[in-house]
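Take a look at the letters that make up each chain.
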Amino acid sequence: NIKNICKIRRKPFMKEQWNSIFTMTKGLNSRGVNCMFLPANGFDPGPVGATEAFLRLGETMLKPAEKQPDHVNILGYDPMVFLTEQKIAHGIEHLERRSLTCSILGTGGEEAVKRASGAALNWVVSAEGLPLARYMELCFGTPYISGIPIGKYAMLHWRKKVNELTGRDDEQIELPEP
């Protein structure tokens, strides 16, 4: 039965990825637990499901919030792909050094979701987060930068772009020839 296959396929995704957000969404399942329907056909690969889930959760839960010029959201972080935050640690380190707070959307609970639409910048770390970043840019005017910088030149370029988008262009970054 395709309906049962889809139910089974969705359970691990929602439990592992959105455990802090999952319980806040509207709607109840047969046991009285808060839940949200995330459509699945049982044939799409994981990244397609993650993309749909990030966007659907954003459309449902994000509301206009007061602008926070010192906050950056990290979108598209998927612990099932990245395993650890180590791959984005250098970026987080730069953000914190520039006195910016950052949060991985989906891991900070209800308070993080409430303030997410007011962020100064969205950093998209995987293709799965791009539709949500575009949605937030359209609805809330939040600019985004995408990609994980690898290597010195890419990191310097990324840092320069983050500084420009957050209004912190006081740090002089000279880009060497690639």
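As a reminder, the structure under discussion sits directly above these lines.
Residues numbered from 1 in each chain as written. Predicted model: local features only at pLDDT ≥ 70, side-chain atom pairs only at ≥ 80, totals over all residues. Heavy atoms only, no water.

Draft legend 1. Up close: the overall build of the protein chain. The secondary structure content of the protein chain amounts to 8 helices and 4 strands. Reading the secondary structure of the protein chain in the N-to-C direction produces α-α-α-β-α-α-β-α-β-α-β-α. Buried positions account for 42% of the 178 residues belonging to the protein chain. Sequence separation of 24 or more characterises 65% of the internal contacts of the protein chain that already satisfy a separation of 6 or more. For the protein chain, the computed accessible surface area is about 10,200 Å², with 55% contributed by carbon and sulfur atoms. (Helix = DSSP H or I, 4+ residues; strand = E, 2+ residues; numbered from the N terminus. Buried < 20%, exposed > 50% of the residue type's maximum accessible area, 1.4 Å probe, protein only. Contact = heavy atoms within 4.5 Å. Areas by Shrake-Rupley, 256 points an atom, 1.4 Å probe, with all protein chains shown as cover.)

Draft legend 2. Expanded view of the packing of helix 3 (residues 46-61) against helix 7 (residues 130-140). Axis separation between helix 3 and helix 7 bottoms out at 8 Å; the angle between their running directions is 25°. One way to sum up the angle between helix 3 and helix 7 is to call them roughly parallel. The element helix 3 and its partner helix 7 pack so that their crossing is right-handed. Here T51, F54, L55, G58 and E59 of helix 3 come into contact with helix 7, specifically with P131, L132 and Y135. (Axes fitted to C-alpha atoms, helices over the stretch in contact; angles between N-to-C directions. Parallel < 35°, antiparallel > 145°, perpendicular 65-115°, else oblique. Left-handed = near helix turned anticlockwise from the far one by under 90°.)

Draft legend 3. Representation of the packing of helix 5 (residues 89-97) against helix 8 (residues 152-165). Running from amino to carboxyl end, helix 5 crosses helix 8 at an angle of 40°, the nearest separation of the two axes being 11 Å. Of the possible angle classes, the one that applies to helix 5 and helix 8 is oblique. Read as a crossing pair, helix 5 and helix 8 show a hand that is right-handed. In this structure, helix 5 uses H90, G91, H94, L95 and R97 to contact helix 8, whose residues at the interface are M155, W158, R159, V162 and N163. Tallied by class, residues from the contact of helix 5 with helix 8 come to 4 nonpolar, 4 polar and 2 charged. (Nonpolar A, V, L, I, M, F, W, Y, C, P; charged D, E, K, R; others polar.)

Draft legend 4. Focus on the nonpolar core. Within the largest apolar cluster, 17 residues are counted, with the highest numbers of intra-cluster contacts made by L62, L75, L132, Y135 and M136. Elements that contribute at least two residues to this core include exactly helix 3, helix 6 (109-116) and helix 7. Ranked by residues supplied to this core, first place goes to helix 7 with 6 residues. With near-sequence residues (within four places) excluded, L62 lies in contact with L57, V113, A116, L132, M136 and F140. (Core = buried A, V, L, I, M, F, W, Y, C linked by side-chain atoms within 4.5 Å.)

Draft legend 5. Layout of the sheet that holds strand 2 (residues 101-104). Strand order in the open sheet formed by 4 strands is 2-1-3-4, with parallel pairing between adjacent strands. The outermost strands of the open sheet, each flanked by one partner alone, are strand 2 and strand 4 (144-146). Taking the axes of each pair of neighbouring strands and ignoring which way they run, one obtains an average angle of 20° across the sheet. Relative to strand 3 (residues 119-124), strand 1 (residues 68-75) runs parallel, the two being bridged by 5 bridges. When the sheet's bridge partners are listed, N73 is paired in strand 3 with N122. Running over the sheet, helix 6 touches strand 1, strand 2 and strand 3 and is turned about 115° from strand 1. Taken strand by strand, helix 8 contacts strand 3 and strand 4, and its axis lies near 170° from that of strand 4. (Pairing = 2+ DSSP bridges.)

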